[in-house]
Amino acid sequence: GAVVSQHPSWVICKSGTSVKIECRSLDFQATTMFWYRQFPKQSLMLMATSNEGSKATYEQGVEKDKFLINHASLTLSTLTVTSAHPEDSSFYICSARDAGTYYEQYFGPGTRLTVT
Amino acid sequence: QQPVQSPQAVILREGEDAVINCSSSKALYSVHWYRQKHGEAPVFLMILLKGGEQKGHDKISASFNEKKQQSSLYLTASQLSYSGTYFCGTEGVDSNYQLIWGAGTKLIIKP
């Protein structure tokens, strides 16, 4: 089946530093990737939609200068949290839409970010 | 607009059946069902497309009533492994592949 990986799984960083999270589709091409944020016991909150070769589309209320998204290839999208603060601590999950099947979204295992 | 899932949580004994509902106020193109276990990413269960269909595999099935903009997930003869939080994701007729997620239904299966 389709596999999406995320790196790193866990990251702890100091306030003010930047953190990059990678999302890779391992065995399929993903023209569209999505970045979500999830707080404990809550639903997935879509942050942005990332299309290969073009600028990401951010949801209302999400700061594009703080959460930088780059979708450099059909198998890789990155999310960089710039100047992280404790309120940015969360579970970040990416998903990728298989260009071949069109419909299904496959989720990565998630990245838990803790900002101290 | 976020679809409404019901119930919020349910506790069953192994072998019992459960129904989880997902209702939207917008016209839908598709409904996606996922299950998430604690600390893990959501796992795809199935997609139902516009046209009003039913799908199923093993003891998990779902229906999609396009006119009512509702979908239901049916779990029969539940197993311990079915425990988790179930999310429906809805795709509107004018969306860019984006899914809007319900708040989730927590399912606990007890032996």
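A brief look at the structure comes next. (Residues numbered from 1 in each chain as written. Chains lettered and ligands numbered in written order. Predicted model: local features only at pLDDT ≥ 70, side-chain atom pairs only at ≥ 80, totals over all residues. Heavy atoms only, no water.)

A look at the overall build of chain B
We count it as follows: The secondary structure listing takes helices from DSSP runs of H or I that are at least 4 residues long and strands from runs of E that are at least 2 residues long, numbered from the N terminus. Each radius of gyration is computed over the set of C-alpha atoms, and the globule rule expresses the reference value as 2.2 Å times the number of residues to the power 0.38. To sort residues, take the accessible area from a 1.4 Å probe on protein chains only and compare it with the maximum for the residue type: under 20% means buried, over 50% means exposed, and anything in between is partly exposed. Residues are treated as being in contact if the distance between any of their heavy atoms lies within 4.5 Å. Only the protein chains shown count as cover for residues, and the accessible areas themselves come from Shrake-Rupley with a 1.4 Å probe.
The helix and strand tally for chain B stands at zero helices and 11 strands. Beginning at the N terminus, the succession of helices and strands in chain B can be written as β-β-β-β-β-β-β-β-β-β-β. For 111 residues, the compact-globule estimate of 2.2 N^0.38 gives 13 Å, and the C-alpha radius of gyration of chain B, at 13 Å, lies within 12% of that figure. Viewed in the frame of its principal axes, chain B has a C-alpha envelope of about 45 × 25 × 20 Å. Split into buried and exposed, the 111 residues of chain B put 44% on the buried side. Across chain B, contacts joining residues at least 24 apart in sequence account for 54% of those joining residues at least 6 apart. Roughly 5500 Å² of accessible area belongs to chain B as shown, and the carbon and sulfur atoms make up 49% of that amount.

Side note on the sheet that holds strand β3 (residues 19-25) of chain A
Residues and elements named next belong to chain A. Basically, it comes down to this: One bridge is not enough; two strands pair if DSSP finds at least two bridges between them. In this description, a line fitted to the C-alpha atoms serves as the axis of each element, helices being fitted only across the stretch in contact, and the angle between N-to-C directions of two axes falls anywhere from 0 to 180 degrees.
Taking strand neighbours across the sheet as the criterion, the four strands line up as β1-β3-β8-β7 in an open arrangement whose pairing is antiparallel. Across the chains shown, the open sheet's two edge strands, defined by having one partner strand only, are β1 (4-7) and β7 (67-73). Between one strand and the next, the sheet's axes are offset by a mean angle of 15°, whatever the strand orientation. Two elements, β3 and strand β8 (residues 76-81), share six bridges in a ladder whose sense is antiparallel. Across the sheet, the residue bridging to Ile21 is Leu79, located in β8.

Looking at the state of the cysteines
Our working rule: Cysteine sulfur atoms are paired as a disulfide whenever they fall within 2.5 Å.
Going through the model one piece at a time under the given rule, you end up with two disulfides over all chains. Two residues, Cys23 of chain A and Cys94 of chain A, share a disulfide whose sulfurs are 2.0 Å apart. Residues Cys23 of chain A and Cys94 of chain A are joined through a disulfide that is right-handed, its torsion about the S-S bond being 80°. A residue pair is termed long-range when its members are at least 10 positions apart, and Cys23 of chain A in strand β3 and Cys94 of chain A in strand β9 (residues 90-98) qualify at 71 residues. Given a relative accessible area of 0%, Cys23 of chain A falls into the buried group. Under the relative-accessibility criterion, Cys94 of chain A is labelled buried at 0%. The partner cysteine of Cys22 of chain B in its disulfide is Cys88 of chain B, sulfur to sulfur 2.0 Å. One disulfide, between Cys22 of chain B and Cys88 of chain B, carries an S-S torsion of 70° and so falls in the right-handed class. Linking Cys22 of chain B in strand β3 (residues 18-23) with Cys88 of chain B in strand β9 (residues 84-92), this pair joins segments that are 66 residues apart in sequence.

Considerations on the interface of chain A and chain B
Put simply, the test is: Accessible surface is computed with a 1.4 Å probe, and the buried area is the amount of it that two parts give up when combined, taken over both parts together. A carboxyl oxygen of Asp or Glu within 4 Å of a side-chain nitrogen of Lys or Arg is what we treat as a salt bridge.
Of the residues lining the interface, 21 residues belong to chain A; the matching set on chain B comes to 21 residues. When chain A packs against chain B, close to 1700 Å² is buried across both sides, 57% of that on carbon and sulfur atoms. Here chain A and chain B share one salt bridge between them. A salt bridge links Arg97 of chain A to Glu91 of chain B, with the nearest nitrogen and oxygen atoms 3.7 Å apart.

Observations regarding the pattern of salt bridges
Residues and elements named next belong to chain A. Following the criterion strictly, the structure yields three salt bridges over all chains and no others. Lys66 serves as the salt-bridge partner of Asp88, at 2.9 Å between the closest nitrogen and oxygen. Residue Asp88 is found in the loop between β8 and β9, and its partner Lys66 is found in the loop between β6 (57-58) and β7; the two are separated by 22 residues along the sequence. With respect to class, Asp88 is no different from Lys66; both count as buried.

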